[in-house]
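Okay, here's what each chain looks like letter by letter:
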2 protein chains.
Amino acid sequence: MLRFIALSGTISVTENLYVYEADGQMMVLDCGVGFPDLEMHGVDLVIPDFSYIVKNKEKLAGIVVSQGHEDHIGAIPFLLKEIETEIWAAPLVTGFLKDKLDEFGIKNYKINTFQPESAQFEVGPFRIQPFRVSHSVPDSCGFAIDTPEGRVFHVPEHKFDQKPADGRPFDLDRAKMLAGQKKVLFLASDCLGANKPGFTEGEAKIEDNMEGLMKNAPYAVFATAISSNIGRFQQMINIAHRLNRKVVLVGRSIQKKIEIAYDLGYIKIPHNIIITYHDSQRFKRNELFYIVSGCYGQVGSSLYRISLGEHDRVEVAEGDVLVFSADPAPPYSKESQDFVIDNLIDKGVDVHYYDLHEGLDEGIYVSGHGGQGDIVGLFKIVKPHYFIPIGGEIRYMKSYLDLAIDFGANPADIFRLKPGESVVFENGNAYLGERVMTKQVLVHGLGIGDVGKVVLGDRAVLGNEGVVVVVFKVSKGKKLAANPEIISRGFVFEKVNKELLSQAERRLSEQVKKKGKFDKASLHELGMNYLSNFFFQKTGRRPMILLVVVEV
Amino acid sequence: MLRFIALSGTISVTENLYVYEADGQMMVLDCGVGFPDLEMHGVDLVIPDFSYIVKNKEKLAGIVVSQGHEDHIGAIPFLLKEIETEIWAAPLVTGFLKDKLDEFGIKNYKINTFQPESAQFEVGPFRIQPFRVSHSVPDSCGFAIDTPEGRVFHVPEHKFDQKPADGRPFDLDRAKMLAGQKKVLFLASDCLGANKPGFTEGEAKIEDNMEGLMKNAPYAVFATAISSNIGRFQQMINIAHRLNRKVVLVGRSIQKKIEIAYDLGYIKIPHNIIITYHDSQRFKRNELFYIVSGCYGQVGSSLYRISLGEHDRVEVAEGDVLVFSADPAPPYSKESQDFVIDNLIDKGVDVHYYDLHEGLDEGIYVSGHGGQGDIVGLFKIVKPHYFIPIGGEIRYMKSYLDLAIDFGANPADIFRLKPGESVVFENGNAYLGERVMTKQVLVHGLGIGDVGKVVLGDRAVLGNEGVVVVVFKVSKGKKLAANPEIISRGFVFEKVNKELLSQAERRLSEQVKKKGKFDKASLHELGMNYLSNFFFQKTGRRPMILLVVVEV
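Values in this document were obtained by computation on a predicted structure and should not be read as measured data. The residue numbers shown here count from 1 along each chain, following its written sequence. The naming scheme follows written order: chains are lettered A onward, ligands numbered 1 onward. Side-chain atom pairs in this predicted model are given and counted only at pLDDT of 80 or more, local residue features only at pLDDT of at least 70, and totals for whole chains, interfaces and linings cover all residues. Water and hydrogen atoms play no part in the side-chain values, which are based on all heavy atoms of the structure.

Engineer: What's the story with the interface of chain A and chain B in this structure? I'm lost.
Structural biologist: Where interface size is quoted, it is often the accessible area lost as the parts come together. Should any heavy atoms of two residues lie within 4.5 Å, those residues are counted as being in contact. Between chain A and chain B, the residue contacts involve 69 residues of the former and 69 residues of the latter. Computed with a 1.4 Å rolling probe, the buried area is the accessible surface lost when two parts are put together, summed over both parts. Approximately 6000 Å² of surface area, both sides summed, lies buried where chain A meets chain B, with 58% of it carried by carbon and sulfur atoms. The largest share of the area that chain A buries against chain B comes from E335(A), H357(A) and R395(A), three residues that together contribute 13% of it. Residue R395(A) pairs with E358(B) through a salt bridge whose shortest N-O separation is 2.8 Å. In protein, a polar contact means a hydrogen-donor-capable atom and an acceptor-capable atom, both N or O and within 3.5 Å, with residues adjacent in sequence counting only if both atoms are side-chain atoms; elsewhere, any N or O pair within 3.5 Å suffices. Counting every contact that joins chain A to chain B gives 35 residue pairs in polar contact (both at pLDDT 80 or more). Elements that contribute at least two residues to the side of chain A that touches chain B include exactly α11 (331–346), α13 (394–407), α14 (453–465), β23 (467–475), β25 (485–489), α16 (520–539) and β26 (544–551) of chain A. Secondary structure counts use DSSP, requiring at least four H or I residues in a row for a helix and at least two E residues in a row for a strand, with both numbered from the N terminus. A per-element tally of the side of chain A that touches chain B places α11(A) first, with nine residues. Polarity classes work like this: nonpolar for Ala, Val, Leu, Ile, Met, Phe, Trp, Tyr, Cys and Pro, charged for Asp, Glu, Lys and Arg, and polar for all others, with Gly in that last group. Considered class by class, the residues forming the side of chain A that touches chain B number 31 nonpolar, 16 polar and 22 charged. The rule for a salt bridge is simple: a side-chain nitrogen of Lys or Arg has to be within 4 Å of a carboxyl oxygen of Asp or Glu.

Printed below as a string of structure tokens:
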């Protein structure tokens with residue numbers, strides 16, 4: 001018997017975590033973070049619910065990691081705080097992971113580094129053979145996994161780009177070889193591009209297109225991409241080399257990722273081309289190429305500060321060229337990205353960005369995810385009996401289902417799983433297994449999982465309506481020692497609305513005296529009711545009211 | 001001398017308000033609202049800063065309105081609270097406006113309704129001749145305005161669609177006639193589509209495309225669009241008629257707008273085709289066509305509730321067809337729109353929506369704004385000396401500038417204005433005039449302009465980090481009468497973190513006793529410093545701390 005649990009990572013694009021169970025043992029595939037939605041005020045990260053893994057930790061044989069993006073590796077430090085286990089990852093992923101675990105101060109761990117071209121290794125009852133896929137970060141892998149119920153394929157992301165910017169194409173030969181050796185029980189694969197017709201375009205042309213925009217630049221050139229996009233940085237460095245420009249890396253995340261990739265041989269950097277801020281001062285602006293972090297315009301990022309003229313070492317000037325090799329930001333950062341673009345244009349920078357809704361596609365960005373052509377192409381290679389769409393939202397799972405049916409699959413053989421849902425495979429049959437109950441675990445500051453509905457509900461009120469604190473001073477529980485004292489924050493502008501608050505104090509005092517009850521419960525009830533009505537009538541707002549009763 | 005002030009409406013797509021000044025008099029063109037960005041917690045609306053108009057109210061000859069969208073008419077009630085003036089508007093715009101003023105309880109106003117085909121009227125020193133343009137709401141107009149410095153053209157939105165869904169195309173003849181009579185001094189026109197190649201596609205095909213998706217629907221059909229899109233509703237009703245389905249209008253905003261448009265003859269509704277919820281129960285699901293409000297998935301909208309199965313009178317079922325004839329929602333509502341789409345798909349509804357980034361374009365939506373072809377087409381008709389891009393962000397103003405230069409304009413004759421900036425025209429010359437200082441005026445509940453930086457700053461902290469209230473009881477200013485009492489909201493989950501808070505109470509008490517100062521200022525300073533450090537060390541969070549000192 002084999003059980004596949006989508007513990008997390010379906011119905012959203014992030015937070016990947018899948019569990020394989022057989023012979024009383026368990027393997028985790030990927031362990032990534034998610035990002036807070038707009039309702040999760042103050043939350044830094046969302047991580048999968050590890051309760052099931054922790055409860056069964058003695059069964060856990062290890063974690064296999066498919067690639068180096070945060071939504072595949074970012075939650076590993078949190079899991080390692082709770083359990084000990086081994087990790088398997090490709091070289092660059094190992095590099096990123098070590099750096100991350102270091103940041104978290106986690107020292108006791110074991111990573112087994114595998115070569116995607118040739119490796120095979122065992123994790124508990126599972127024999128695993130990776131193969132290289134093309135994605136927006138090097139060393140991304142798919143896996144052929146031999147289980148007691150047969151061979152399965154797990155491909156969290158892929159496109160078939162044969163000339164990717166990182167020089168490491170999808171390993172078609174090995175994938176075909178692995179798929180051809182045995183009948184494949186199921187394929188779990190990326191559904192994110194399931195609405196997009198055709199194949200995702202190759203990355204090679206991006207280099208030409210960016211160079212075309214930069215080659216006549218009269219002053220400085222800037223370019224930005226997500227910090228793990230090593231292939232894109234390679235292309236930028238190639239361009240800088242041909243244009244005889246020195247490269248300045250701006251932003252810690254980019255500096256670090258490029259350093260790791262360079263040390264491991266994943267990026268080729270001509271001698272002396274990368275220079276420091278300090279050295280850049282010896283060059284003219286038309287001899288410089290800045291690679292900058294903050295492509296989503298994240299508040300506080302290097303690019304954000306540059307766009308405001310607030311970066312202490314780098315500035316843009318009229319006539320500079322700046323290329324965003326990135327997609328439009330997700331909703332939580334889109335306003336900020338737009339703000340940055342507009343600021344730069346306002347400073348006279350020649351800004352190029354990709355946005356199909358605005359009609360802008362200069363060939364300076366392509367997705368890391370495959371389109372319908374890539375998805376069905378994988379079906380053709382793997383020819384699985386069962387299909388499991390992963391890594392996408394409900395809409396994409398539906399479109400993947402349609403693609404699989406078109407491909408000839410029986411609708412009953414396609415499993416669209418919600419988080420915690422599982423499929424059991426037994427003697428060639430498959431059926432829905434027990435669902436593991438999971439919840440979203442929110443990380444805020446040092447707290448993991450302690451921000452839930454109650455806290456978020458309070459934050460929504462506090463953040464939208466503000467807070468009013470009322471202090472009653474009561475003499476021996478028999479009368480008010482003074483008018484209640486009211487202070488507020490985020491409700492009205494106190495300086496201007498002093499009269500509103502003192503009116504509230506007087507009126508509330510009258511009400512209390514009229515009622516004649518001075519115990520805590522009565523004061524609470526009266527105060528809450530009276531003030532929420534009073535403030536709503538006067539302001540149309542419903543601040544959070546906190547009452548304190550002090551015996552004097 | 002003529003002065004044109006972009007009081008509001010440039011650098012953003014909304015909040016249109018332009019001022020024309022000549023001969024000591026003033027005319028306002030459009031007066032719309034904007035929508036809060038993600039940082040404006042709790043804010044309902046943003047309106048232009050009226051200070052300049054109010055200060056010069058004796059000069060104000062009236063307000064001319066170009067169309068019925070909120071970002072052109074929505075701020076009029078707020079302005080009419082402060083001043084009295086006359087309004088000029090086309091019939092449907094008058095209908096929408098009356099309804100809006102009614103809602104605000106504003107009774108004393110005068111609207112002069114003009115016919116876009118033939119009207120000419122005077123507002124102070126300005127003689128105005130409107131002409132019909134095509135947009136996503138009927139009765140949208142451009143204006144030829146005769147000023148003491150010559151004729152100018154003001155076209156807040158337009159596309160050249162000759163077969164629009166509302167049956168009222170751009171009045172090319174009249175526009176050409178008005179432009180041909182005199183040399184045109186300047187054109188102020190919409191720049192929003194300045195990045196989009198070609199002309200915005202016509203709306204006629206949308207009817208065919210929607211019908212194609214609906215005609216074989218086995219059960220109920222649903223469609224949604226923004227509530228002012230009368231032309232689209234006409235198309236939906238046409239389809240329902242041909243498919244022999246009865247129409248149910250779901251959502252007050254749509255019901256109201258359609259009623260106004262019907263009363264004024266702007267929408268043709270076959271006899272008995274619109275039925276009530278109650279009557280709909282006598283029909284089978286495959287005899288019904290629901291037109292539903294909430295195309296951006298707004299929280300609480302009809303469509304939002306339907307998608308959750310929480311609408312009390314309408315529900316979707318597997319096999320229903322639902323068409324979004326709308327663009328992807330703006331950032332503040334995009335997550336919610338995605339949530340609604342996914343909920344509907346999860347319920348088995350066949351959902352069709354438009355999203356170029358997902359590769360989805362079934363011809364069920366087009367923009368109300370013109371593309372480059374429409375923008376330059378207007379240049380060709382008007383042949384102005386000067387150009388002023390309006391109604392777009394900085395990026396679109398820049399692209400409009402490029403289009404005007406391509407068209408042959410002198411770069412110095414194109415004025416990209418920030419809010420409050422003005423251009424003075426004098427004897428055929430033009431130069432930047434004095435800038436009117438403006439700020440953003442935020443509306444929250446009944447408060448207009450009382451939410452500013454201080455309140456928003458407090459809300460950001462309260463909303464992201466929560467609040468901690470500390471009450472010190474001091475005996476005669478000489479010692480603590482008890483340990484300080486701490487309550488919190490939105491900070492940590494109090495039930496679970498009781499120990500954290502009581503530890504804070506004990507430690508703070510020790511600190512205060514050690515320090516030995518019991519006056520308010522000392523307690524404040526100590527309490528704030530000690531607790532913010534304590535909580536940050538323990539939780540990594542920085543809640544707002546409010547201190548209350550009570551003498552007992």
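Engineer: Could you clarify how one ought to interpret the sheet that holds strand β5 (residues 60–64) of chain B in this entry?
Structural biologist: As a general point, the strands of a sheet are linked pairwise by backbone hydrogen bonds and lie either parallel or antiparallel. Residue and element names in this part refer to chain B. Two strands make a pair as long as DSSP finds a minimum of two bridges between them. The sheet built from eight strands is open, its strands ordered β7-β6-β5-β3-β2-β1-β20-β21 with mixed pairing. Bordering the open sheet on either side are β7 (110–113) and β21 (429–432), each of which pairs with just one other strand. For this sheet, the mean inter-axis angle between neighbouring strands, taken without regard to orientation, is 20°. Judged from the four bridges that link them, strand β20 (residues 422–426) and β21 form a sheet pairing that is antiparallel. Lines fitted to the C-alpha atoms define the axes, with helices restricted to the stretch that makes contact. Angles between their N-to-C directions range from 0 to 180 degrees.

Engineer: Help me understand the state of the cysteines, please; the structure alone is not making it clear to me.
Structural biologist: As used in these notes, a disulfide is a covalent bond between sulfur atoms, one from each of two cysteines. Residue and element names in this part refer to chain B. Criterion for a disulfide: a pair of cysteine sulfur atoms at a distance within 2.5 Å. Applying the stated criterion across every chain, the model contains zero disulfides over all chains. Free cysteine C191: the closest other cysteine sulfur is in C31, separated by 20 Å. Buried residues are those whose accessible area, probed at 1.4 Å on protein chains only, stays under 20% of the maximum for their type, while exposed residues exceed 50% and partly exposed ones sit between those limits. Owing to a relative accessible area of 0%, C191 belongs among the buried residues under this scheme.

Engineer: I'm lost on the relation of the copies chain A and chain B in this one. Help?
Structural biologist: Two chain copies, one operation linking them: a rotation about an axis together with a shift along it. Here the copies are superposed with least squares, the fitted atoms being C-alpha atoms of residues at a pLDDT of at least 70 in both. You can overlay chain A on chain B at an RMSD of 0.1 Å; the transform is a turn of 180° with a shift of 0.0 Å along its axis. Each copy turns onto its partner about a two-fold axis. In terms of C-alpha distance to the rotation axis, chain A has G463(A) as its closest residue, with the C-alpha 1.8 Å off the axis. The overlap is high: 100% of the interface residues of chain A also sit at the interface in chain B, so the same surface is used on both sides.

Engineer: Hey, could you run me through the packing of aromatic side chains in this one?
Structural biologist: Note on aromatic pairs: each is described by the distance of the centres and the angle between the planes. Pairing of aromatic rings covers Phe, Tyr and the six-membered ring of Trp, with a centre-to-centre limit of 6.5 Å; geometry is then stacked below 30 degrees between planes, edge-to-face above 60, and tilted otherwise. Taken as a whole, this structure holds 50 aromatic pairs over all chains when the rule is applied. Measuring from ring centre to ring centre gives 6.0 Å for F131(A) and F170(A), while their planes differ by 55°; the resulting arrangement is tilted. With a gap of 39 residues between them, F131(A) in strand β9 (residues 126–132) and F170(A) in the loop between β11 (150–155) and α5 (172–181) connect regions that are remote in the sequence. F131(A) gets classed as buried once you look at its relative accessible area, which sits at 0%. Between F379(B) and Y400(B), the ring centres sit 5.3 Å apart and the planes meet at 85°, which makes this aromatic pair edge-to-face. On the criterion of sequence distance, the pair formed by F379(B) in helix α12 (residues 372–382) and Y400(B) in helix α13 (residues 394–407) is long-range, its members being 21 residues apart. Take F379(B) and Y400(B): they sit in the same class, and that class is buried. Taken together, the aromatic side chains of F4(A), Y18(A), Y20(A), F126(A), F186(A), Y386(A), F415(A) and F425(A) make up a single cluster linked through ring pairs. For a ring to carry a charge above it, either NZ of a lysine or CZ of an arginine must fall within 6 Å of the ring centroid while also lying within 35 degrees of the normal to the ring plane. In this arrangement the basic side chain of K257(B) is found over the ring face of F96(B), its NZ or CZ atom lying 4.9 Å from the centre. In this arrangement the basic side chain of R542(B) is found over the ring face of F536(B), its NZ or CZ atom lying 3.9 Å from the centre.

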